[in-house]
Amino acid sequence: MQAARLHEYTDDMSEGLTIDEVDRPAATGPDDVIVEVEGAGWCQTDNHIIEGMWAEYVPQELPMTLGHENAGTVVEVGDDVDLVDPGDPVICHPVQTCGTCRPCRLGETMYCENDAFNGLTTDGGFAEYLHTSERSVIPLPSGVDPVDIAPHADAGITAYHAVKKAAAELNPGDHAVVVGVGGLGHIGLQCLDAMSAAKITAVDLKDSALDLAEGYGADHLVNPSDDDVPAEIEAITDGTGAAQVLDFVGEDVTTAYAPDITAAGGDHHIIGYGGHVHEPAQALVNGEFSFVGNIVGRYAELQELVALVEQGDVDLHTSRYDLGEINAVAEKLEHREIDGRAVITP
């Protein structure tokens, strides 16, 4: 089968991956599930993996097939698999867990001590077929297209995971800010609109992204190219600040907004990454706000997100590309030329 493989780290997205002919995976273990990939979302994390940003955090043996947002049709299962059968459409949680370590017993999917992460530590879905496990697949409801829903396997669940935490702290009349209305942010904004009664302000450098945000329920729009973000948030919130800030960019300039736009006792959720947090300790003490990290989400949260999709509360703005266009997609994302989410269709 064909697969898009990373052979060495590089900053040049135009030649980050190569299309190789590799063996098709097989269900050799009792819990194995082999999925014919119909859609695999491209993520900014894929660019970061190509750059080598994750090499010091997780073990990566190259060459490796990237792609951690996967959905498709089951073609083969192990002897002990009961949840799905060949022919079933599924979305795949990116993490394959052991089920027996303490984090797994607590339901903390992302903290599994023996995990394998498709496209990050083991071969992913930028290929015709994907090897995963029964613990990682979620059957799709009738009428849900695997291509359309694929990015929810990471972009969606990561956004939902952060919004679920933020929504628990939001009361009617509160304000929330969504920074970055891209691949994750446009999903997070919809989840926030569906799960809270807060007023929502969207912040983005692209007018097309702000147009998307308005269509998805944002009450206020701010473009940092034209406006001073802290001043705009102060005016919108009558000087109170935002009870919850969801930062889907995570660059130095956006994390620096925190002391000026986060309400006392509020949270600045960091979902996007690549930058740093450079704030005096006194700023956190004075405002008593918190920086909150987020990474993907639990298996159960992906189930909950699928339910939101099924009932029409969350939509995905996507564009589709062939496997051979993989590096062109990486370049487009690097230059902020993709609205919503790009999906590879192997």
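All figures in this text were calculated on a predicted structure; none of them were measured in a lab.

What counts, and where the lines are drawn
- Residues numbered from 1 in each chain as written.
- Predicted model: local features only at pLDDT ≥ 70, side-chain atom pairs only at ≥ 80, totals over all residues.
- Heavy atoms only, no water.
- Helix = DSSP H or I, 4+ residues; strand = E, 2+ residues; numbered from the N terminus.
- Rg over C-alpha atoms; globule rule 2.2 N^0.38 Å.
- Contact = heavy atoms within 4.5 Å.
- Areas by Shrake-Rupley, 256 points an atom, 1.4 Å probe, with all protein chains shown as cover.
- Lys, Arg positive; Asp, Glu negative; His and termini not counted.
- Charge placed at Lys NZ, Arg CZ, Asp CG, Glu CD.
- Core = buried A, V, L, I, M, F, W, Y, C linked by side-chain atoms within 4.5 Å.
- Buried < 20%, exposed > 50% of the residue type's maximum accessible area, 1.4 Å probe, protein only.
- Domains from an automatic or database assignment.
- Pairing = 2+ DSSP bridges.
- Salt bridge = Lys/Arg side-chain N within 4 Å of Asp/Glu carboxyl O.
- Polar contact = N/O pair within 3.5 Å; in protein donor to acceptor, adjacent residues only side chain to side chain.
- Buried area = accessible area lost by both parts, 1.4 Å probe.

### Details of the overall build of the chain
The helix and strand inventory of the chain stands at 12 helices and 18 strands. Taken over C-alpha atoms, the radius of gyration comes to 20 Å for the chain, in line with the 20 Å a tight globule of 346 residues would show. Taking the contacts inside the chain whose residues are at least 6 apart along the sequence as the reference set, 69% of them involve residues at least 24 apart. Carbon and sulfur atoms provide 44% of the accessible area of the chain, an area that totals close to 14,600 Å². Computing the positive centroid from 14 side-chain charges and the negative centroid from 63, the chain places the two 5 Å apart.

### Here's the deal with the nonpolar core
Counting residues in each nonpolar core, the largest one holds 82 residues, and the members touching the most others are Leu17, Trp42, Ile91, Phe126 and Leu246. The element best represented in this core is helix α4 (residues 155-167), accounting for 7 residues. In this structure, this core is formed jointly by two domains, domain 1 (2-154 + 296-344) and domain 2 (157-293), each of which donates at least three residues. Residues contacting Ile91, with those up to four places away along its chain left out, are Asn70, Ala71, Ser136, Val137, Ile138, Leu140, Ile149, Ala150, His152, Ala153, Leu302 and Val306. Val179, Val229, Ala242 and Tyr257 belong to the second-largest nonpolar core, a separate cluster that totals 11 residues.

### Things to note about the pairing of strand β6 (residues 89-92)
Pairing of strand β5 (residues 69-77) with β6, which is carried by 4 bridges, proceeds in the antiparallel orientation. Within β6, the position partnered with Thr73 by the bridge is Pro89. Relative to strand β10 (residues 137-139), β6 is paired through 3 bridges, and the arrangement is antiparallel. When the bridges of β10 are listed, Val90 appears paired with Pro139.

### Looking at the side chain of Asp267
Of note, Asp267 is situated in strand β15 (residues 262-270). Salt bridges are absent for the buried Asp267, whose nearest opposite-charge side chain, Lys165, sits at 9.0 Å. Within the structure, Asp267 has its side chain in polar contact with the side chain of Gln244 (distance 3.0 Å). Excluding its chain neighbours within four sequence positions, the residues that come into contact with Asp267 are Glu169, Ala243, Gln244, Val245, Thr262, Ser290 and Val292.

### A few points about the environment of Val75
Topologically, Val75 is positioned in strand β5. Note on Val75: relative accessible area 30%, which makes it partly exposed. For the pair Val75 and Ala263, spaced 188 residues apart in sequence, the C-alpha to C-alpha distance is 50 Å. Beyond its immediate sequence surroundings of up to four residues, Val75 is in contact with Arg24, Ile34, Val35, Glu36, Pro86 and Tyr129.

### Section: the domain arrangement of the chain
For the chain, the domain assignment lists domain 1 (2-154 + 296-344) and domain 2 (157-293). Counting residues at the interface gives 27 residues for domain 1, matched by 20 residues for domain 2. The junction of domain 1 with domain 2 conceals about 2,100 Å² of combined surface from both sides, 55% of it contributed by carbon and sulfur atoms. If you look at where domain 1 meets domain 2, you find 3 salt bridges. With its nearest N and O atoms 3.1 Å apart, the salt bridge here joins Arg336 to Glu251.

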